[in-house]
Amino acid sequence: MEIYKSLEIFDCPRCGGPALLEEENGWCWYVMCMECGAQTIQFEYRRAEDRLKAAQDAVRIWNMGKTVSPSPGE
Ligand SMILES: [Zn+2]
């Protein structure tokens with residue numbers, strides 16, 4: 001997938017683990033850490049033209065270290 005290759009994703013700001021850009025059911029993107037489960041909020045897109053921008057936004061927020069903790073029970 002081109003989007004994955006075109007974006008530079010930093011390691012986890014919390015634990016330094018590897019991060020993964022994930023697409024959720026074709027409507028949003030988020031980045032999550034495979035080690036500790038830290039993740040960004042979800043960046044929704046409504047049109048195909050907005051898909052790349054949403055992915056870029058998710059990665060930019062991740063690279064700035066803005067993560068949320070996974071909520072227990074969800
Ligand atoms: Zn982590």
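Scroll up for the structure.
Residues numbered from 1 in each chain as written. Predicted model: local features only at pLDDT ≥ 70, side-chain atom pairs only at ≥ 80, totals over all residues. Heavy atoms only, no water.

**Q** Provide a residue-level description of the environment of Gln-56, including the pertinent values.
**A** Turning to its location among the elements, Gln-56 is positioned in helix H2 (residues 51–63). With relative accessibility at 36%, the residue Gln-56 sits in the partly exposed group. As a C-alpha pair, Gln-56 and Leu-7 span 49 residues in sequence and 7.1 Å in three-dimensional space. (Helix = DSSP H or I, 4+ residues; strand = E, 2+ residues; numbered from the N terminus. Buried < 20%, exposed > 50% of the residue type's maximum accessible area, 1.4 Å probe, protein only.)

**Q** Could you give an account of the coordination of the zinc ion, naming the residues involved and the relevant values?
**A** The coordination sphere of the zinc ion, as far as protein atoms go, consists of Cys-12 (SG), Cys-15 (SG), Cys-33 (SG) and Cys-36 (SG), spread over 2.3 Å. Given four donor atoms and angles of 104 to 115° at the metal, the environment of the zinc ion is assigned as tetrahedral. The sequence pattern formed by the donor residues of the zinc ion is C-x2-C-x17-C-x2-C. (Donors = N, O, S within 2.8 Å, 3.2 Å for Na, K, Ca; no water. Tetrahedral: all angles 85-135°; square planar, octahedral: opposite > 155°, others 65-115°.)

**Q** If you had to explain the side chain of Thr-40 to someone new, which residues and values would you point to?
**A** Checked against the element boundaries, Thr-40 lands in the loop between strand E2 (28–33) and strand E3 (43–44). Setting aside residues up to four positions removed in sequence, Thr-40 forms contacts with Tyr-30, Val-31, Ala-58, Ile-61, Trp-62, Lys-66 and Val-68. (Contact = heavy atoms within 4.5 Å.)

**Q** I'd like to hear about the nonpolar core, residue by residue, with values.
**A** Formed by 17 residues in total, the largest nonpolar core has its most connected members in Leu-21, Trp-29 and Val-31. Elements with a minimum of two residues in this core: strand E1 (19–24), E2 and H2. A total of six residues in this core trace back to one element, the largest contributor, which is H2. Ignoring anything within four residues of it in the chain, the contact list for Val-31 reads Ile-9, Ala-19, Leu-20, Leu-21, Ala-38, Gln-39, Thr-40, Ala-58, Val-59 and Trp-62. (Core = buried A, V, L, I, M, F, W, Y, C linked by side-chain atoms within 4.5 Å.)

**Q** Can you explain the pairing of E2? Please cite residues and give values.
**A** Counting buried positions over the six residues of E2 gives five, a clear majority of the element. Across six bridges, E1 lies against E2 in antiparallel orientation. Paired with Leu-20 across the strands is Met-32, a residue of E2. Connecting the antiparallel pair E1 and E2 is a turn made up of three residues, with Asn-25 showing a positive phi of about 50°. The pairing of E2 with E3 spans two bridges and is classified as antiparallel. Residue pairing across strands places Trp-29 opposite Phe-43, the latter belonging to E3. (Pairing = 2+ DSSP bridges.)

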